[in-house]
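So you can see what is in the structure, the chains are spelled out below.
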Amino acid sequence: MRDAPAPSRHSELKALLDTRSSCRAFHPDPVPRGTIEQILEMAQRTPSWCNTQPWQVSITEGEGTERFRKGLGEYVRSSPQAPDFPFPTAYQGDYGTRRKDCAMQLYASVGIAAGDRQASSAQTMKNFELFGAPHVAVITSDEALGTYGAVDCGLYVNTFLLAAHSLGVAAIPQAALAGSAPYMRDFFGLPEDRKVVCSISFGYADEEHPANSFRTPRADIGTAATWVRA
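Cut-offs used in this document
- Within each chain, residues carry numbers counting from 1 in the order of the written sequence.
- In keeping with the model being predicted, local features are shown solely for residues with a pLDDT of at least 70 and side-chain atom pairs are shown and tallied solely at 80 or more, while totals for entire chains, interfaces and linings include all residues.
- Hydrogens and water molecules were not included; the side-chain quantities draw on all heavy atoms of the structure.
- By the criteria applied, helices consist of DSSP H or I runs no shorter than four residues and strands consist of E runs no shorter than two, each listed in order from the N terminus.
- The contact definition used throughout considers only heavy atoms, calling two residues in contact when any of these lie within 4.5 Å.
- Only the protein chains shown count as covering a residue, and every accessible area follows the Shrake-Rupley method with a 1.4 Å probe.
- Residues scored as positive are Lys and Arg, those scored as negative are Asp and Glu, and His as well as the terminal groups of each chain are ignored.
- By convention, the point assigned to a charge is CZ for Arg, NZ for Lys, CD for Glu and CG for Asp.
- Note on method: axes are straight lines fitted to C-alpha atoms, helices fitted across the in-contact stretch only, with angles between N-to-C directions ranging 0 to 180 degrees.
- For any helix crossing, the convention is left-handed if the near helix is rotated counterclockwise from the far helix by under a right angle, and right-handed if that rotation is clockwise.
- Take the buried Ala, Val, Leu, Ile, Met, Phe, Trp, Tyr and Cys residues and link them wherever side-chain atoms come within 4.5 Å; each set so joined is a nonpolar core.
- Note on exposure labels: buried denotes an accessible area under 20% of the residue type's maximum, exposed denotes more than 50%, and partly exposed covers the range between, all computed with a 1.4 Å probe on protein chains only.
- Definition used for salt bridges: Asp or Glu carboxyl oxygen within 4 Å of a side-chain nitrogen of Lys or Arg.
- A cavity, in this analysis, means grid points on a 1 Å lattice covering only the protein atoms where a 1.4 Å probe fits yet has no way out; a pocket is instead an open set bounded by protein on both sides within 12 Å along at least five of seven lines, and a residue lines either one if it has an atom within 4 Å of a point.
- Grid points are joined across faces, edges and corners, and a volume is the space filled by probe spheres set on the points.
- Basically, the charged four are Asp, Glu, Lys and Arg, the nonpolar ten are Ala, Val, Leu, Ile, Met, Phe, Trp, Tyr, Cys and Pro, and anything else, Gly included, counts as polar.
- The pairing test for Phe, Tyr and Trp rings, Trp by its six-membered ring, is centres within 6.5 Å, and the orientation test on the planes gives stacked under 30 degrees, edge-to-face over 60, and tilted for anything in between.

1. Topic: the overall build of the protein chain
Part 1 of the argument: Within the protein chain, the secondary structure is distributed over seven helices and five strands.
Part 2 of the argument: Helices and strands in the protein chain line up, N terminus first, as α-β-α-β-α-α-α-β-α-β-α-β.
Part 3 of the argument: Along the longest, intermediate and shortest principal axes, the C-alpha atoms of the protein chain span 60 × 45 × 40 Å.
Part 4 of the argument: Counted over contacts in the protein chain with a minimum sequence separation of 6, partners at least 24 positions apart contribute 85%.
Part 5 of the argument: As displayed, the protein chain has an accessible area near 14000 Å², and 54% of this comes from carbon and sulfur atoms.
Part 6 of the argument: Placing the 22 positive and 25 negative side-chain charges of the protein chain at their respective mean positions leaves the two points 5 Å apart.

Below, the structure written as structure tokens:
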């Protein structure tokens, strides 16, 4: 029989998973370059299909973030969405319920009444303001790797989030920004065969902001796992 894993490893990972959350309001203070490099070094340990390591990351800081934020807002207001990977065609059943519940929790936290379209639209636009974050990381994959490259990038995103949290850096993964792939390709000078998967806005959390006051629940493992005994 194999030895049980060290209790501290399990408890440390569980603590990271239990306490990490998506940050929707940041302080403007930048994250030191050395800390960002630590996050990237840990994220680089992400496993990938055939060890392809398909992710490439474009990161903004300082005036670069402000130029990106300003240009993105202008692009979103004047251009249709054009993601490199198709967005979901529908949110059905439990998926739709969970999506709606998350939105209602967010709206309630910032005092947006149900049915207030103007206020909810204004809150949605905060995605494209990066929720005030001083940095954004745009994750891209190689076009030829298709779905598997995107899956590997998803694993990378999760490692990045946990690594950031372990260093006291707050973050939020954002699929919404992927709808502006043409803008990102132009802003970062990305070649056509680099496909935008998503972005991660990150910095230091404004813990006093009401948008950071709620936590989304997770379904019981019985809703996701099926056991086969014979």
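2. Comments concerning the packing of helix α3 (residues 63-78) against helix α7 (residues 181-188)
Part 1 of the argument: Interhelical geometry of α3 versus α7 gives an angle of 145 degrees and a closest axis separation of 10 Å. Here α3 and α7 pass one another in a crossing that is right-handed. In this structure, α3 uses G64, R67, F68, G71, L72 and Y75 to contact α7, whose residues at the interface are P182, Y183, M184, F187 and F188.

3. Quick look at the nonpolar core
Part 1 of the argument: In terms of nonpolar packing, the biggest core is built from 22 residues, with F26, F68, L72, L130, L177, M184 and V196 touching the most fellow members.
Part 2 of the argument: Only α3, β3 (135-142), β4 (170-174), α7 and β5 (194-205) provide two or more residues apiece to this core.

4. Section: the pattern of salt bridges
Part 1 of the argument: Evaluated as defined, the whole model comprises seven salt bridges.
Part 2 of the argument: Residue E61 pairs with R33 through a salt bridge whose shortest N-O separation is 2.4 Å. In this pair, E61 sits in the loop between β2 (56-59) and α3 while R33 sits in helix α2 (residues 33-43), placing the two residues 28 residues apart along the sequence.
Part 3 of the argument: For E61, a relative accessible area of 36% corresponds to the partly exposed category.
Part 4 of the argument: In this structure, D94 and R98 form a salt bridge, with 3.9 Å as the shortest nitrogen-oxygen distance. In this pair, D94 and R98 are both assigned in helix α4 (residues 94-109), four residues apart and thus about one turn of the helix distant.

5. With respect to the layout of surface pockets
Part 1 of the argument: As a volume, the second largest pocket reaches approximately 240 Å³.
Part 2 of the argument: Here the lining of the second largest pocket is built from residues that sort into six nonpolar, six polar and three charged.

6. Some words on the environment of R20
Part 1 of the argument: Checked against the element boundaries, R20 lands in the loop between α1 (7-19) and β1 (26-27).
Part 2 of the argument: Note on R20: relative accessible area 21%, which makes it partly exposed.
Part 3 of the argument: Spatially, the C-alpha atom of R20 lies 38 Å from that of A230, the residues being 210 residues apart in sequence.
Part 4 of the argument: Leaving out residues up to four positions away in the same chain, R20 has contacts with L161, L162, H165, A171 and R218.

7. Regarding the packing of aromatic side chains
Part 1 of the argument: The tally for this structure, following the rule as stated, stands at ten aromatic pairs.
Part 2 of the argument: With a centroid separation of 5.2 Å and an interplanar angle of 80 degrees, the aromatic rings of F68 and F187 are classed as edge-to-face. Of the two residues, F68 sits in helix α3 while F187 sits in helix α7, which places them 119 residues apart along the sequence.
Part 3 of the argument: Owing to a relative accessible area of 22%, F187 belongs among the partly exposed residues under this scheme.
Part 4 of the argument: Given a relative accessible area of 0%, F68 falls into the buried group.
Part 5 of the argument: These aromatic residues form a ring-pair network of at least three members: F68, Y75, Y183, F187 and F188.

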